[in-house]
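Chain by chain, the residues run as shown.
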Amino acid sequence: MEIDRSLFAEIIIPLALPKNYTWAIPEHYREVVQPGIRVEVMLGGRKKYAGIIKKIFAEKPEAFNPRDIINVLDQEPILHAEQLKFWEWMAGYYMCSEGEVMQAAVPANLKLSSESILIWNEERSINFSDLSDNEYIVAEALELKKELRISEVQNLLDVTHVYPVVKKLIEKEVCYVWEELKEKYTEKKQTYIELAPAYRNEDQLAELLNNWSKAPKQMELLLAFLHLLKTEGTVIQPELLKKAGASVAQLKGLIDKGILIAEKRSTDRIQLGDQNSNISFTLSPAQEKALAAVQQVFQTKQVCLLHGVTASGKTQVYTQLIQEQLDKGDQVLYMLPEIALTAQMIRRLQEYFGGQIAIYHSKFNANERVEIWNKVKTGEIKIVLGARSALFLPFKKLSLIIADEEHDNSYKQQDPAPRYHARDAAIYYGSLFQAKVLLGSATPSIESYYNCEQDKFGLVRLTERFGDAKLPRIELVDVKKYQQKVKIAFTEPLLEAIRLSLEQQKQVILFQNRRGYAPYQICNTCGWIPECQNCDVTLTYHKFKNKLTCHYCGTHYPVIHTCAACGSHDFTQKNFGTEQIEELLNEYFPDAKIARMDYDSVKGKNDHDALIKLFEQRRLDILVGTQMVVKGLDFEHVNLVGIIDADGILGFTDFRVNEKAFQLMEQVSGRAGRKDDLGRVLIQVSNALHPVLSFVQNHDYDALYRYEMINRKEFGYPPFTRIIQLIFKHKEKHIAEEAANIMMGGLSPHFPKDISGPAQPVIDRIRNQYLWELLIKLPKDMQRISQCKQMIMQQAAILHANKRYSAVRIIVNVDPL
DNA sequence: AGCACGCCGACT
DNA sequence: GTCGGCGTGCTC
């Protein structure tokens, strides 16, 4: 028998396949393949993908005949072994495929796209008599060039639909389709302008300038160049020409004279700039103590929670820790929730670390992301400041991960799989590198605090605000005292407080957690409330757009004037959104400069930064906003924060109400007051006895924690358990419900006490799909959890084998919080 | 994710 | 009679 020396590779391709597929490695690629290298593979009839080799083995699979790899795309792996391990863990833990993890992890440009190409069929006898005019044109071009892209065919023809023509040509065997995998990543080349070596010393340059006689325009240009060189370090052609208002010809004059040189080279889009500007700063004694305590914790524990009140200067502690890693030559990942990644924050860190820091989040363009990817891989980039997606960067020698604002829900990816929690995943990822993980928050999540109590994480507190600043005074205003029948937005005490602040030339932040103008409207005759057709959510009136909007799915509706239930035309608008609050403020304070910050008013990221800048520079007096005003912003001159409607915050339907309400109110109030002025926080509320309010008033996180622990124990929710949420989706309500309950039946013999059933309808219906939910609450027992996951997969397979339920989509969400 | 295969409504 | 809708299933 012939000895089979063939090799095979398990390859991850960016698809939601139930498992990884295997391809054969042809003889001539044997020497160059290794895990982490991308290869081009064929899947199905004509589709090609760039997949990543996970592992290489010699045993031929029995069940199928692997196809050959077509091509090897890299000379060296695009990631390290740690990342592949991390993907595997994530797929297992969050119950998704490794392909889905790859989708989330790898920048689009490292995944490849296929572009169809038409190839001239040499075998066909050249007889064009049976072709139409358009077909003839294309066929002729094909005969000449042998191949054409679809896009080129488009240019050739004067019709909008090229596909029918192409289809006919293929049928008539004039050509066939080939597909080319094309690397989308193109290096950006730019023309750099530099001084010619002869003029690089001061004397030579001075002499040149002093003896300048002709061409004043060129002189001007040269001076502009020197200025840019001094301020920016490097000079690129378009910037120089723009700044000097000069033409290419004038620049060419200087180059021809041998004074300047132009060089085209690929730029690094991320400006790594100069090293460490090292603005020195000193830690306060409290910060010093906290830093030492964190270091102490890291001696014995991998994870440390830094519980520091707002404006206690956690960032300075981080900075110090980051510096330590840099001194060791290691890398650091600093994660922030997307919303807190503001220009203000970035600027502050760049001041400390100069060009060594790279910013990374999903809104970056693809080329930039690839560059950062590569530089993190080689270790050239030491610090990455990024949102949750930065966790997937191919770090080489990571020694510290910071997850700031650890409690923030946006660390959890909800929609496309992998439904991962970046804070939790960071702890596993860190463990692969023996890296330490620092969680920071002024209002820690209950589960993290619980982990501290269980001695799993270390806990360090920072209870003093930086620079002697005091915590603001928090006052409750009982709205019931000030309003008659109709709900009002502003009580007299709040108006008075705003007036006072404006008189003192101070700034005011008003917080209202509802966008739009009026959150809902109600028919005065029968009480009918307009709702979204998809989501069963009340529609919010937006005055500016003059539309009703569903804040859940984003659908717009024309304004409704006629009641759908009784035909009455008499509607009342209830409650206040930020839009209306802003309008009311303009009436109350016509002279104040007022701005609104919410999802509708800040479209792009730049609008957001611009607004913050305006406020920072005190060009605005009052800022009205939703949650957006809360995150990671420090303003020097705010001495009043008003919470318009605390009832709205305390009345969420979520079981985490209290935790969320505390977080929101605590974070907003943190915006008030600085060293010279402790500031005021006014909370308008009708239920002034709500316990959370007293926790907020006393800034007493521990009291909230104890209160929540009792609540959670009653409901059997985390942190005592691991939760797996199963969502069943189907067009027909009862089929989704039945499927959910059958799953429950299948699971309950094995996990009798863990499942909360029967299935519950999920709050909303999205895109005509009905959603039913099952919750499984498991003790933190590794074996039991993996047993349960296996059982879920098994039951799902059984369910799908039944024709009736084969179209039920099952979404598995592990730790759905 | 594609894409082919396959089974029921409005048209040259 | 067909063209074409999108529901279901498979891809190493």
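If you look chain A up in an unreviewed UniProt entry, it shows as Replication restart protein PriA from Sediminibacterium goheungense. For the record of chain A, the UniProt heading Function (unreviewed entry) holds the text "Initiates the restart of stalled replication forks, which reloads the replicative helicase on sites other than the origin of replication. Recognizes and binds to abandoned replication forks and remodels them to uncover a helicase loading site. Promotes assembly of the primosome at these replication forks." The UniProt entry for chain A carries the following comment under Sequence similarities (unreviewed entry): "Belongs to the helicase family. PriA subfamily."

Colleague: A description of the overall build of chain A should follow, citing residues and the corresponding values.
Modeller: Counting its regular elements, chain A contains 25 helices and 33 strands. What you see for chain A is a C-alpha radius of gyration of 31 Å, in line with the 28 Å of a compact globule of 817 residues. By the burial criterion, 52% of the 817 residues in chain A qualify as buried. Expressed as a percentage of contacts within chain A between residues at least 6 apart in sequence, the contacts between residues at least 24 apart total 74%. Each charge class in chain A was averaged separately, 101 positive and 103 negative side chains, and the resulting centres sit 2 Å apart.

Colleague: Give a description of the protein's contact with DNA strand C that names residues and reports values.
Modeller: In the vicinity of DNA strand C there are 13 residues, among which Thr22, Leu43, Gly44, Phe64 and Arg67 approach most closely. In DNA strand C, the atoms that sit within 4 Å of the protein are 46% sugar and phosphate, with bases accounting for the remainder. Separating a sugar or linking oxygen of DNA strand C from a side-chain N or O atom of tryptophan 23 is a distance of 3.4 Å. The leading source of residues in the surface near DNA strand C is strand β2 (residues 21-25), at three residues. Looking at the surface near DNA strand C residue by residue, the class counts come to eight nonpolar, three polar and two charged.

Colleague: Run through the environment of aspartate 677, naming residues and quoting values.
Modeller: Of note, aspartate 677 is situated in the loop between α21 (657-669) and β29 (680-685). Looking at aspartate 677, the relative accessible area reads 21%, which means it is partly exposed. Separated by 232 residues in the primary sequence, aspartate 677 and serine 445 have C-alpha atoms spaced 30 Å apart. Apart from the residues lying within four places of it in its own chain, the contact partners of aspartate 677 are Lys506 and Asn639.

Colleague: Give a description of the protein's contact with DNA strand B that names residues and reports values.
Modeller: Contacts to DNA strand B come from Leu15, Lys47 and Tyr49. Backbone sugar and phosphate groups make up 60% of those atoms of DNA strand B lying within 4 Å of the protein. Contact distances for DNA strand B include 2.8 Å between a phosphate oxygen and a side-chain N or O atom of lysine 47.

Colleague: Before we move on, can you summarise the sheet that holds strand β4 (residues 47-57) with the specific residues and values?
Modeller: What the five strands build is an open sheet, ordered β2-β1-β4-β3-β5; its pairing is antiparallel. Each end of this open sheet is capped by a strand with a single partner; those strands are β2 and β5 (71-72). Examined bridge by bridge, strand β1 (residues 7-12) and β2 share five bridges and lie antiparallel to one another. Each bridged residue has a counterpart across the sheet, and for isoleucine 11 the counterpart in β2 is tyrosine 21. Of the strands in this sheet, β1 and β4 are in contact with helix α1 (residues 81-93), which crosses β4 at around 105°.

Colleague: Now, about the environment of glycine 746: what can you tell me, with residues and values included?
Modeller: Counting through the fold element by element, glycine 746 comes out in helix α24 (residues 733-747). With a relative accessible area of 16%, glycine 746 lands in the buried category.

Colleague: Can you lay out unusual backbone geometry for me, pointing to particular residues and giving the numbers?
Modeller: For the bond from alanine 417 to proline 418, the omega torsion is 0°, close enough to zero to count as cis. Phi at alanine 215 takes a positive value of approximately 55°, unusual for a residue other than glycine. Turning to its location among the elements, alanine 215 is positioned in the loop between α6 (202-210) and α7 (216-232). Residue class for alanine 215 comes out partly exposed when judged on its relative accessible area of 27%. Residue glutamate 405 is not a glycine yet carries a positive backbone phi of 50°. Mapped onto the fold, glutamate 405 is located in the loop between β16 (398-404) and α14 (422-433). Look at glutamate 405 and you get buried, because its relative accessible area is 11%.

Colleague: I'd like a rundown of the side chain of arginine 419, residues and numbers included.
Modeller: Of note, arginine 419 is situated in the loop between β16 and α14. Among buried Asp, Glu, Lys and Arg side chains, arginine 419 stands out as unpaired, with aspartate 415 the closest opposite charge at 4.1 Å. Of the polar contacts made by the side chain of arginine 419, one reaches the backbone oxygen of glutamine 414; its length is 3.1 Å. For arginine 419, the side chain forms a polar contact with the main-chain oxygen of aspartate 415, separated by 2.9 Å. Ignoring sequence-local partners within four residues, the contact set of arginine 419 consists of Tyr94, Lys412, Gln413, Gln414, Ile811, Val812, Asn813 and Val814.

Colleague: Explain the state of the cysteines residue by residue, including any values.
Modeller: The full count for this structure, using the stated rule, is zero disulfides. Sulfur of cysteine 96: no disulfide; nearest cysteine sulfur belongs to cysteine 788 and is 16 Å away. Given a relative accessible area of 14%, cysteine 96 falls into the buried group. Cysteine 563 supplies the cysteine sulfur nearest to cysteine 526, a cysteine that is in no disulfide, at a spacing of 3.5 Å. We classify cysteine 526 as partly exposed; its relative accessible area is 40%.

Colleague: Any chance you could break down the pattern of salt bridges for me, citing the residues and the numbers?
Modeller: Following the criterion strictly, the structure yields 33 salt bridges and no others. Between arginine 30 and glutamate 27 there is a salt bridge, with the nearest N and O atoms lying 3.7 Å from each other. Judged by relative accessible area, arginine 30 falls into the buried class, the value being 15%. Given the relative accessible area of 52%, glutamate 27 is considered exposed. The residue aspartate 330 makes a salt bridge to lysine 397 at a minimum N-O spacing of 2.9 Å.

Colleague: Give a description of the packing of α24 against helix α25 (residues 782-801) that names residues and reports values.
Modeller: Here α24 crosses α25 at 130°, and the two axes come no closer than 10 Å. Of the possible angle classes, the one that applies to α24 and α25 is oblique. As α24 runs across α25, the sense of the crossing is right-handed. Together, Ala739, Ile742, Met743, Gly746 and Leu747 of α24 and Met791, Ile792, Gln795, Ala796 and Leu799 of α25 make up the contact between the two elements. Counted by class, the contact of α24 with α25 contains eight nonpolar, two polar and no charged residues.

Colleague: Can you break down the nonpolar core residue by residue, with the values?
Modeller: One finds Trp87, Met665, Ile683, Leu726 and Ile792 to be the most contacted residues of the largest nonpolar core, which totals 121 residues. Setting aside its immediate chain neighbours within four residues, leucine 726 contacts Met743, Leu747, Trp772, Glu773, Leu774, Ile776, Ile792, Ile811 and Val812. Listed in part, the 34 residues of the second largest apolar core include Val294, Ile346, Ile402 and Leu462.

Colleague: Hey, could you go over the sheet that holds strand β26 (residues 594-597) for me, with residue numbers and the actual values?
Modeller: Strand pairing in a sheet relies on backbone hydrogen bonds. The paired strands run either parallel or antiparallel. One open sheet accounts for six strands, arranged β19-β29-β28-β20-β27-β26; its pairing is parallel. The open sheet has two free edges, formed respectively by β19 (473-478) and β26, since each of these has just one partner strand. With direction set aside, neighbouring strand axes in the sheet form an average angle of 20°. Pairing geometry for β26 and strand β27 (residues 622-625), over four bridges, is parallel. Bridge pairing in β27 places arginine 596 opposite valine 624. The strands touched by α21 within the sheet are β19, β20 (507-511), β28 (638-643) and β29, with β28 carrying the most contacts at an inclination of about 155°.

Colleague: Describe in detail the packing of aromatic side chains, supporting the description with residues and values.
Modeller: What the rule picks out here adds up to 25 aromatic pairs. Here the aromatic rings of tyrosine 93 and tyrosine 94 are separated by 4.6 Å at their centres, their planes lie at 70°, and the arrangement is edge-to-face. Note on accessibility: tyrosine 93 and tyrosine 94 belong to one class, buried. Across from the ring centre of tyrosine 93, 4.6 Å away, lies the NZ or CZ of lysine 789, which sits over that ring.

Thresholds, definitions, all that
Throughout this document, residue positions are counted from 1 along each chain, in the order its sequence is written. Just so you know, chain letters begin at A and ligand numbers begin at 1, following the order they were written in. It should be noted that, the model being predicted, local features are given only for residues of pLDDT at least 70 and side-chain atom pairs only at 80 or more, the latter also being counted only at that level, while totals for whole chains, interfaces and linings use all residues. Remark: hydrogens and water are excluded; side-chain values derive from all non-hydrogen atoms of the structure. UniProt positions are given in the numbering used here, feature names are shortened, and annotations may be inferred rather than shown by experiment. A run of H or I in DSSP becomes a helix once it reaches four residues, and a run of E becomes a strand once it reaches two; helices and strands are each numbered from the N terminus. We take the radius of gyration over the C-alpha atoms and set the globule estimate at 2.2 Å times the residue count to the 0.38 power. Whether a residue is buried, partly exposed or exposed follows from its accessible area with a 1.4 Å probe, protein chains only, as a fraction of its type maximum: under 20%, in between, or over 50%, in that order. Residue contacts follow a heavy-atom distance rule, with two residues in contact if any of their heavy atoms lie within 4.5 Å. When charges are tallied, Lys and Arg are placed among the positive residues and Asp and Glu among the negative ones, while His and the ends of the chain are skipped. Where a charge lies is defined by one atom per residue type: Lys uses NZ, Arg uses CZ, Asp uses CG and Glu uses CD. Neighbouring residues are identified by heavy atoms, a residue being near a molecule or strand if any of them is within 4 Å of it. N or O atoms within 3.5 Å of each other form a polar contact, as long as, within protein, one can give a hydrogen and the other can take it, and as long as residues adjacent in sequence are counted only when both atoms are side-chain atoms. Nonpolar residues are Ala, Val, Leu, Ile, Met, Phe, Trp, Tyr, Cys and Pro. Charged residues are Asp, Glu, Lys and Arg, and all others, Gly as well, are polar. If DSSP finds at least two bridges between two strands, the strands pair. Geometry is summarised by axes, namely lines fitted to C-alpha atoms with helices restricted to the contacting stretch, and by angles between N-to-C directions that run from 0 to 180 degrees. Between Lys or Arg on one side and Asp or Glu on the other, a salt bridge is scored when a side-chain nitrogen of the former is within 4 Å of a carboxyl oxygen of the latter. Defined by distance alone, a disulfide is two cysteine sulfur atoms within 2.5 Å. Roughly parallel here means an angle under 35 degrees, roughly antiparallel means over 145, roughly perpendicular means 65 to 115, and every remaining angle is called oblique. Helix crossings get a hand from a simple test, with the near helix turned counterclockwise from the far one by less than a right angle marking a left-handed crossing and a clockwise turn marking a right-handed one. Residue types Ala, Val, Leu, Ile, Met, Phe, Trp, Tyr and Cys, when buried and joined through side-chain atoms within 4.5 Å, form a set referred to as a nonpolar core. In this analysis, rings of Phe, Tyr and Trp, with Trp reduced to its six-membered ring, are considered paired at centre separations within 6.5 Å, and the interplanar angle assigns stacked below 30 degrees, edge-to-face beyond 60, and tilted for intermediate values. Sitting over a ring, as applied to charges here, requires NZ of Lys or CZ of Arg to be within 6 Å of the ring centre and within 35 degrees of the ring normal.

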